[in-house]
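# Observations on chain architecture
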Amino acid sequence: MRFFLYAGLVFVLLISFQNTTYAQPINSLDEIGISINLSPELPQSNQEVTATVSSSNENVRTATIVWLLDDEVRQQKAGDVNFKFTTGDVGSSQQLRVLIKTATGAVFTKSIAITPVKATLFWEGDTYVPPFYEGRPLYSSGSSIRAEVLAEFRNSEGEAYSDSELIYTWSKNGTVLGSLSGIGANTLLTAGPKFFGDYILSVEITTPDGLQRAQSAARVTTQTPQVVLYEKNPLTGVQYHSAITNKPFFAESSQIEVQAIPYFMNVRNENDENLLYSWAINGIEVFGSQITPSVLTIQLSGDADVTTPVSVAIDHRIDLLQTAQSTFNIVFERSARNSLFGL
Amino acid sequence: MKRKQLYIGISVLIIILIIALLGWAIFIGQQQQRLQQETEDLGYFDSTLSTPTRDREGGLFNGAFGNILNNNDNVSKSAPDEVVVAKPALRQLYNLPTAGFIKKRSNAIRFVDKATGHVFERDLPDGTTTRIDQTTVPQVQEVLFVNDGDGVLRRYIGEDGSLITIYSNLEDTETQNASLPTQISEITVSPDENEVFFSQQTLQGSTFYLSSPDGTEKKEISASTLRGWNIDWQNDVLLVSQKASSDLPGSAYLINASTGTKTLVLQQLKGLSAALSPDGKNILYNYNGDGGIPILAVKNINSGKTTILDIAGFTEKCVWSPNGVSFFCALPNEFPEGEYPDEWYQGRVLFSDSLFEIRTDTKQIAHIISPQAEYGVSLDITNISVNTDGNALFFINKIDQTLWSITLPEEVEGVVEEESGDEEGI
């Protein structure tokens with residue numbers, strides 16, 4: 001059936017020209033240099049793909065080009081070297097074929113099989129964020145990267161490959177991480193970019209028979225650590241929902257506790273022994289608790305209304321590039337302190 | 001003669017004074033009437049009302065909206081023969097920080113006081129509030145209810161900084177509280193509220209488990225080298241998505257609770273945050289568009305069709321309507337300069353929202369209420385949920401963590417003004 005279809009197409013191509021020339025037999029002519037390139041090169045499932053035909057020897061842009069997808073003519077136009085289509089689901093297979101009739105009357109064909117797969121790289125920084133924080137931990141200089149890839153491959157019988165069957169090749173900026181790659185190596189814990197740089201982390205996944213391939217990549221960027229300050233309320237705890245910002249903070253009593261949170265630093269908790277806290281009130285150095293240096297208790301003496309700057313700097317004792325600082329103004333008003341809940 | 005003129009003059013003066021006094025009394029009366037009218041229409045009073053009062057209609061914790069309970073109160077006062085427009089009713093249900101709540105199948109709402117961990121139940125029609133459980137769990141950070149509020153999971157930070165989750169059976173006070181594993185970073189309840197799905201942080205990363213609400217019958221589903229995951233469970237569909245950050249692409253997948261098989265559904269979208277529709281067939285998500293502003297979109301899981309809604313908003317501020325076609329969203333009135341969602345998550349930015357209903361099929365958007373403009377109250381709406389009738393919404397205001405509700409009015413039929421030829425009102 002396929003033979004009759006191609007023969008019919010060739011006949012149509014032949015009679016579409018007035019000059020009668022001898023049609024060359026249909027054959028796959030890699031030796032002529034016909035090639036089909038896909039963009040993206042490794043298409044995933046349900047993805048729009050652009051196929052481009054080219055030849056090193058023939059000027060295909062003057063030829064009549066017919067594109068077929070699974071034996072169905074999808075496009076027929078002179079000089080149209082590009083063809084857009086959408087891949088199928090994971091595990092499906094599509095046959096893409098191109099027929100070319102040159103101005104000289106020669107006919108060439110080339111076909112490729114497309115088996116879409118799906119793969120995505122996930123990554124995050126191995127850094128500190130407070131409990132119940134809804135955002136992602138980001139990478140800061142000196143920390144590590146946690147990464148894993150989720151890939152969906154199916155064999156010819158439609159059965160999914162498990163993670164342990166697939167072959168993973170990890171790369172940083174194109175340099176293969178041989179010791180971290182291999183069969184079933186779908187996760188990665190590795191050093192992040194140096195200083196404040198970035199790199200491309202990529203992974204190529206192949207089936208054991210090498211017939212299916214997928215790739216996924218991500219740019220790993222460096223984030224400067226941040227210190228965010230919160231009031232530590234004696235009843236409800238740290239007010240993570242509402243940070244103390246650069247706007248004046250009004251204290252409701254003569255004593256408040258301020259909690260400093262070192263976002264994205266290479267520590268396990270906010271009072272990690274590798275963190276050095278430097279607090280200052282009105283430029284004068286003060287100290288938090290020895291056990292909880294991330295917390296500063298501010299007690300006002302006297303009845304006067306007071307506005308005073310409070311600052312904190314956090315330094316990592318080992319990863320010297322991990323530093324953060326913050327300053328805010330705290331306002332003590334007599335009327336607030338004399339309220340029902342003031343001291 | 002002179003005396004007679006004097007008497008006449010004094011009389012005229014007295015009459016003038018009387019007229020002036022009368023006029024002043026009428027003016028003051030009008031002012032008071034207007035003030036009373038405005039006050040009734042507002043429905044919201046100063047939230048610094050710190051002393052609960054039993055004098056208000058509706059019980060101890062009746063917020064200042066408590067008197068807006070009847071449909072009549074939702075209707076603006078108007079003269080006869082005018083078109084009557086019903087307005088949504090905004091109500092503060094609890095004026096202290098709340099850790100979580102559930103709208104029960106009966107017309108009541110259960111919630112947990114953040115400071116003490118005590119469980120309260122408020123009857124919505126009459127506003128009476130009773131304490132259901134007085135187990136003290138100080139500084140509760142998060143709460144989930146199960147079994148229609150008959151069980152509660154209270155989550156807090158231990159003295160050593162560990163994440164602690166305890167389960168209490170509120171119907172059987174003799175049963176001791178049960179402790180689930182520590183270091184549970186995310187937990188969600190099954191649609192039938194009889195199971196929980198959670199991720200537990202480990203040295204290697206995190207592990208996903210299914211268990212009963214009290215932590216028994218625990219079954220490992222999957223493991224990951226990453227720790228920053230969000231999870232959602234609707235119908236029989238489990239969605240796992242990366243925690244969001246403004247400039248970083250995120251992805252999400254479905255996980256089969258029986259086999260652990262994963263299926264990618266969303267890939268490499270900056271600032272991605274996703275949530276399932278109640279039927280588990282659609283995903284509402286937001287990603288960062290140009291300028292780093294989150295844009296809402298909907299994807300059908302089966303067909304893969306994606307509808308970009310071109311509306312700036314966060315998935316966390318939205319809830320699907322029971323009709324499955326539309327959803328309610330609290331959309332920020334403005335986005336101050338910043339990185340989203342990170343700065344919002346960190347509490348460095350707080351929003352003032354307006355509430356809308358958005359249809360996914362027609363992309364029509366209907367305004368419901370703007371608390372800041374209409375009542376002068378700023379609400380950064382989170383933990384939003386809707387009742388089964390789709391006519392009442394409940395949420396926590398992130399600014400002060402108080403508990404609120406918005407009751408949508410029933411359509412009210414107005415009277416036609418024959419003279420003016422106005423259309424019949426709704």
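## Here's the deal with the overall build of chain A
Along chain A, the regular secondary structure elements total two helices and 24 strands. Looking at the 343 residues of chain A, the share that counts as buried comes to 35%. Residue pairs in contact within chain A that sit at least 24 positions apart in sequence constitute 64% of those at least 6 positions apart.

## Examining the overall build of chain B
The number of helices and strands found in chain B is four helices and 28 strands. Contacts in chain B between residues at least 24 apart in sequence constitute 43% of all its contacts with a sequence separation of at least 6.

## Comments concerning the interface of chain B and chain A
At the junction of the two partners, chain B supplies 40 residues and chain A supplies 32 residues. Elements with a minimum of two residues in the side of chain B that touches chain A: strand 16 (249-255), strand 17 (262-270) and helix 3 (342-345) of chain B. For the side of chain B that touches chain A, the leading source of residues is strand 17 of chain B, giving five residues. Looking at the side of chain B that touches chain A residue by residue, the class counts come to 14 nonpolar, 19 polar and seven charged.

## Comments concerning the nonpolar core
Residues A151 of chain A together with I283, L284 and F328 of chain B are the most contacted members of the largest nonpolar core, which totals 134 residues. The residues touching L284 of chain B, leaving out its near neighbours within four places in the chain, are A275, S277, L296, V298, T315, C318, W320 and F327 of chain B. Core analysis: the next-biggest nonpolar cluster, separate from the first, contains 19 residues, I34, I100, F108 and I114 of chain A among them.

## Overview of the sheet that holds strand 12 (residues 206-211) of chain B
Residue and element names in this part refer to chain B. Read from one edge of the open sheet, four strands run 10-11-12-13, paired in antiparallel fashion. Since the sheet does not close on itself, it has two edges, and those belong to strand 10 (184-189) and strand 13 (219-224), each with one partner. Put simply, the sheet's adjacent strands are angled 15° from each other on average, direction ignored. Sheet topology note: the strand 12/strand 13 ladder contains five bridges and is antiparallel. Bridge pairing links F208 to S222 in strand 13.

## What to know about the pairing of strand 21 (residues 306-312) of chain B
All names here are of chain B. As defined by bridge partners, strand 20 (residues 294-300) adjoins strand 21 across four bridges and the pair is classed as antiparallel. Its bridge partner lying in strand 21, K299 is registered against T306. Connecting strand 20 to the antiparallel partner strand 21 that follows it, the hairpin turn spans five residues, and G304 within it adopts a positive phi of roughly 80°.

## Topic: unusual backbone geometry
Here the residue pair S39 of chain A and P40 of chain A is connected by a cis peptide bond, since its omega of 5° sits within 30 degrees of zero. Tracing the chain through its elements places P40 of chain A in the loop between strand 1 (34-39) and strand 2 (48-55). The amide bond that connects Y340 of chain B to the next residue, P341 of chain B, takes the cis arrangement and shows omega of 10°. Of note, P341 of chain B is situated in the loop between strand 23 (326-332) and helix 3. With phi around 50°, N147 of chain B is a residue other than glycine that occupies positive phi space. Mapping N147 of chain B onto the fold places it in the loop between strand 6 (142-146) and strand 7 (151-157). One non-glycine residue, D148 of chain B, lies in positive phi territory at about 55°. With respect to the helices and strands, the residue D148 of chain B is situated in the loop between strand 6 and strand 7.

## Focus on the pairing of strand 5 (residues 129-133) of chain B
All names here are of chain B. Across four bridges, strand 4 (residues 119-123) lies against strand 5 in antiparallel orientation. Looking across to strand 5, one finds that F120 is bridged to R131. Hairpin connection of strand 4 to strand 5: five residues between the antiparallel strands, including G127 at a positive phi of 80°.

## Topic: the environment of S258 of chain B
Inspection of the secondary structure assignment puts S258 of chain B in the loop between strand 16 and strand 17. Put simply, S258 of chain B and L210 of chain B are 48 residues apart on the chain and 9.8 Å apart in space, counted from C-alpha to C-alpha.

## Overview of the sheet that holds strand 22 (residues 318-320) of chain B
All names here are of chain B. The strand order 22-23-24-25 describes an open sheet built from four strands, whose pairing is antiparallel. Every interior strand has two partners, whereas the edge strands, strand 22 and strand 25 (365-369), have only one. Along the sheet, successive strands turn relative to each other by an average axial angle of 25°, direction set aside. Bridging between strand 23 and strand 24 (residues 353-359) involves seven bridges; their strand directions are antiparallel. Counted as the bridge partner of L331 is S354 from strand 24.

## Concerning the domain arrangement of chain A
You can read the domains of chain A as domain 1 (2-114), domain 2 (118-220) and domain 3 (226-337). Facing five residues of domain 1 of chain A, the contacting portion of domain 2 of chain A comprises eight residues.

## Re the confidence of the model for chain A
All names here are of chain A. For chain A, the mean per-residue pLDDT works out to 86, and 87% of the residues sit at or above 70. Note on residues 16-31: pLDDT under 50 across the span, and 17 contacts to partners over four residues away in sequence or across chains. A low-confidence stretch, residues 338-343 stays under pLDDT 50, and its non-local contacts, those more than four residues away or across chains, total 13 contacts.

Quick notes on the rules
Residues numbered from 1 in each chain as written. Chains lettered and ligands numbered in written order. Predicted model: local features only at pLDDT ≥ 70, side-chain atom pairs only at ≥ 80, totals over all residues. Helix = DSSP H or I, 4+ residues; strand = E, 2+ residues; numbered from the N terminus. Buried ≥ 20, exposed ≤ 12 C-beta atoms within 10 Å, placed from the backbone. Contact = placed C-beta atoms within 7 Å. Nonpolar A, V, L, I, M, F, W, Y, C, P; charged D, E, K, R; others polar. Core = buried A, V, L, I, M, F, W, Y, C linked by C-beta atoms within 7 Å. Pairing = 2+ DSSP bridges. Axes fitted to C-alpha atoms, helices over the stretch in contact; angles between N-to-C directions. Domains from an automatic or database assignment. pLDDT = per-residue confidence, 0-100.

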